[in-house]
Amino acid sequence: MARSVTTDLVEENHSLSHQLKHGVMAMVREGMTNKTIAKMCHCSASSVARIVQKFVTPKRRMAVLPKHLCFDKFRSVDHKISFICCDAENDHEIVAILADRLTKNIVDYFLNRYSVTERQRVETIVIDLNAQYASFIHQLFPNAEIIIDRFHIIQMAGRSLDNARIQLLKQIKDHRCREYKVLKSQWRLFHKDDDQLESAKPIFLRGINEFMTQQDAVGLTLCKYPDSERVYETYQELQSALKQRDVDKLNSAIFAYENTKTAMDQTIRTLRHSAHYIANSAKYDYSNGPLEGINRKIKNLKRSCCGFR
């Protein structure tokens, strides 16, 4: 029986060359869609998907558990919320991706794959303000310090600041007054660092339609409404303490706060409940930034895969 001719350029019984397959993978890494790659390489979108599946082999277990970890969640397929964990330093390699974020499944994953000695080597774990992770981390990693991500602290305080501002807007009946216009149109100034507000050169502020400094615009509202001033000062103190990594200043902002009957009250109660973990966010340099970047790439891939899972 005659034997077909073979060559090193193409795998046996295949029509796509090795060079073409490597080119497909290079375009996949750039985030291009399967259909676009198929059109450029003159093959089918299914062939692109098969090439990706062949070249990418999911890891079952990381050989050495990193000393510093990041925990977070992301929206995967079928609108499910999945768990993801990565190395907080070095090359930010992914440690685990689970189909869901149930506590039982997360605990079982680490218990079944890593020994007690390996888990005891973990020194820090960065999480968001989700209390679910804090409930089982010490069970899995006895020597690990829990760090609350700094971005999530400022984000929660910023949302409380906005809620307090909107609540005040609803209470002001005269919509033509200067205070209302400042709160309505110049809300970004309240999120800006206090020491970065322009205090010398007046500028034209749209919405108010006046020339004044940014510091005067903010002070115009805060002087008239003391509760809003306390909320604003608390937000600024939290932001400043985390930037300066000042633990004493951070604790002072949390525990010296007095209730104002605004959304900031609940935020401070949450921070007080996790005061030790909040203090660690000022002591350590680690954050969930690497994991947020990975989640961003996952979102881009989901948008570009055109229905392929």
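Residues numbered from 1 in each chain as written. Predicted model: local features only at pLDDT ≥ 70, side-chain atom pairs only at ≥ 80, totals over all residues. Heavy atoms only, no water.

1. Some details on the overall build of the chain
Looking only at helices and strands, the chain has 15 helices and 7 strands in total. A compact globule built from 309 residues should have a C-alpha radius of gyration of about 19 Å, whereas the chain, at 26 Å, is more than 25% larger. Within the span of the chain, comprising 309 residues, buried residues form 43% of the whole. Surface exposure of the chain reaches about 18,300 Å², of which carbon and sulfur atoms provide 51%. A distance of 8 Å separates the average location of the 47 positive side-chain charges in the chain from that of its 36 negative side-chain charges. (Helix = DSSP H or I, 4+ residues; strand = E, 2+ residues; numbered from the N terminus. Rg over C-alpha atoms; globule rule 2.2 N^0.38 Å. Buried < 20%, exposed > 50% of the residue type's maximum accessible area, 1.4 Å probe, protein only. Areas by Shrake-Rupley, 256 points an atom, 1.4 Å probe, with all protein chains shown as cover. Lys, Arg positive; Asp, Glu negative; His and termini not counted. Charge placed at Lys NZ, Arg CZ, Asp CG, Glu CD.)

2. Quick look at the environment of Val-247
Its place among the elements puts Val-247 in helix α12 (residues 247-255). With 34 residues separating them along the chain, Val-247 and Ser-281 place their C-alpha atoms 8.8 Å apart. In this structure, Val-247 is in contact with Ala-279, Ala-282 and Lys-283, ignoring residues within four places of it in sequence. (Contact = heavy atoms within 4.5 Å.)

3. Structural notes on the side chain of Asp-72
Turning to its location among the elements, Asp-72 is positioned in strand β1 (residues 68-75). Of the side chains bearing the opposite charge, Lys-73 lies closest to the buried Asp-72, which forms no salt bridge; the N-O distance is 4.6 Å. Within the local environment of Asp-72, its side chain forms a polar contact with the side chain of Asn-295, the two groups lying 3.5 Å apart. In this view, Asp-72 contacts Ser-82, Phe-83, Ile-84, Asp-128, Tyr-133, Asn-288, Leu-291, Glu-292 and Asn-295; residues no more than four positions away in its chain are not counted. (Salt bridge = Lys/Arg side-chain N within 4 Å of Asp/Glu carboxyl O. Polar contact = N/O pair within 3.5 Å; in protein donor to acceptor, adjacent residues only side chain to side chain.)

4. Points about the pattern of salt bridges
If you walk through the whole model with that rule in mind, you get 10 salt bridges. The salt bridge partner of Lys-54 is Glu-11, with a shortest N-O separation of 2.7 Å. Highlighted residues: Lys-54 in helix α3 (residues 45-55) and Glu-11 in the segment before α1 (18-29), separated in sequence by 43 residues. Among the residues examined, Glu-11 registers a relative accessible area of 30% and is labelled partly exposed. Each of the salt bridges in this network shares a partner with another, and the network as a whole consists of Glu-11, Lys-21 and Lys-54.

5. Brief notes about the sheet that holds strand β3 (residues 94-98)
Spatial strand order, β3-β2-β1-β4-β5: 5 strands in an open sheet with mixed pairing. Edge positions in the sheet fall to β3 and β5 (145-148), since each has one partner strand and no second. Within this sheet the neighbouring strands show an average axis-to-axis angle of 20°, counted without direction. Bridging between strand β2 (residues 81-87) and β3 involves 4 bridges; their strand directions are antiparallel. Pairing of Cys-85 across the sheet is with Ala-96, part of β3. Helix α15 (residues 289-304) rests against β1, β2 and β3 of the sheet, and its axis sits at about 30° to β1. (Pairing = 2+ DSSP bridges. Axes fitted to C-alpha atoms, helices over the stretch in contact; angles between N-to-C directions.)

6. Details of the nonpolar core
Counting 63 residues, the largest nonpolar core has Phe-71, Phe-110, Ile-125, Ile-137 and Phe-141 as the members making the most contacts within it. Contact partners of Phe-141, with chain neighbours within four places excluded, come to Leu-65, Leu-69, Phe-71, Phe-110, Arg-119, Val-122 and Ile-125. Grouped together as the second largest cluster of nonpolar side chains are 12 residues, Leu-16, Met-25, Ala-38 and Cys-41 included. (Core = buried A, V, L, I, M, F, W, Y, C linked by side-chain atoms within 4.5 Å.)

7. A few points about helix α2 (residues 34-41)
Those residues of α2 that sit buried are Asn-34, Ile-37, Ala-38 and Cys-41. Each buried residue of α2 lies within a common arc of 100° when the element is viewed along its axis, so the set occupies one face. Along α2, exposed side chains directed more than 90 degrees from the buried face belong to Lys-35 and Lys-39. Where α2 is buried, its residues touch α1, α3 and α15. (Arc of directions from axis to C-beta.)

8. Let's talk about helix α4 (residues 103-113)
Listed as buried for α4 are Ile-106, Val-107, Tyr-109 and Phe-110. On an axial view of α4, the arc spanned by its buried residues comes to 155°, and they lie on one face. Exposed residues lying more than 90 degrees from the buried face of α4 are Lys-104 and Asn-112. In this structure, the buried side of α4 is in contact with β1, β2, β3, α5 (116-120) and α6 (131-140).

9. Brief notes about the packing of aromatic side chains
With the rule as written, the count across this model stands at 11 aromatic pairs. On the numbers, 5.4 Å between centres and 75° between planes, the contact of Phe-110 with Phe-141 is edge-to-face. Of this pair, Phe-110 sits in helix α4 while Phe-141 sits in the loop between α6 and β5; the two residues are 31 residues apart in sequence, bridging distant segments of the chain. As far as burial versus exposure is concerned, Phe-110 and Phe-141 are alike and both buried. (Phe/Tyr/Trp six-rings, centres within 6.5 Å; stacked < 30°, edge-to-face > 60°.)

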